[in-house]
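# What the coordinates show
Take a look at the letters that make up each chain.
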Amino acid sequence: MSISNGIAQFIELTVSLDNGKLCFSYSNGNNPIEVTQKGTITYQLIDNTAKGLKFVGAAFDAPFAGLIDSATVSNDGKMLQFLDLDNASGAASFRFIFSNAENTLLLTSPDPQIINRPA
């Protein structure tokens, strides 16, 4: 999907429970997202855990590398959007951070990775 000044990518992130362990699946087949021009990457949370998960944000291994420029969480915690100006090449390693309705503990996801490649 094209937007002015870049490309928009939309991914559904489904979280479920299997014997008490969180399972994450992505509508793009769990492959890394590849970026070759500036744009946005939006993740929509599909919570199949019945635990009231919400996005809190994302934690990056190298937040100053210029691979992802900003992150915004929707007011309801169901969407997280990254702005990627594609100013640097390389892989952005990060984990999603979630809150839940049952307690005050935060949850993290496995690294879904975004890769910036030259066009």
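Going along each chain's sequence as written, the residues are numbered from 1 onward. In keeping with the model being predicted, local features are shown solely for residues with a pLDDT of at least 70 and side-chain atom pairs are shown and tallied solely at 80 or more, while totals for entire chains, interfaces and linings include all residues. Side-chain descriptors were evaluated using all non-hydrogen atoms of the structure, hydrogens and water having been removed beforehand.

For the rest of this paragraph, the subject is the sheet that holds strand E9 (residues 90–92). Strand pairing in a sheet takes place through backbone hydrogen bonds and is either antiparallel or parallel in direction. Strands pair, by our definition, only if DSSP identifies at least two bridges between them. Secondary structure is summarised from DSSP: a helix means a run of H or I of at least four residues, a strand means a run of E of at least two, and numbering begins at the N terminus for each. Pairing within the open sheet is mixed, and its three strands lie in the order E4-E12-E9. Both edges of this open sheet fall to strand E4 (33–35) and E9, since each of them pairs with a single strand only. Averaged over all neighbouring strand pairs, the angle between strand axes comes to 25°, with direction disregarded. Two strands pair when backbone bridges link them, and E4 and strand E12 (residues 114–116) are joined in this way by three bridges, in the parallel orientation. Looking at E12, one finds that Val35 is bridged to Asn116. Each axis is a line fitted through C-alpha atoms, taken for helices only over the stretch in contact, and angles between the N-to-C directions span 0 to 180 degrees.

It is worth spelling out the sheet that holds strand E6 (residues 54–60) at this point. If you walk across this open sheet you meet the three strands as E6-E10-E11, and the pairing is antiparallel. The open sheet terminates on both sides in strands that have one partner only, identified here as E6 and strand E11 (107–108).

In this section: the packing of aromatic side chains. Two rings from Phe, Tyr or Trp (for Trp, the six-membered ring) form a pair when their centres sit within 6.5 Å of each other. Planes less than 30 degrees apart are called stacked, planes more than 60 degrees apart edge-to-face, and all others tilted. Applying the stated criterion to the full structure yields 12 aromatic pairs. Centroid distance Phe96 to Phe98: 6.3 Å. Interplanar angle 50°. Geometry classified as tilted. Per residue, the accessibility class of Phe96 equals that of Phe98, and both read buried. With a 1.4 Å probe rolled over the protein chains alone, any residue whose accessible area is under 20% of its type maximum counts as buried; one over 50% counts as exposed, and the rest are partly exposed.

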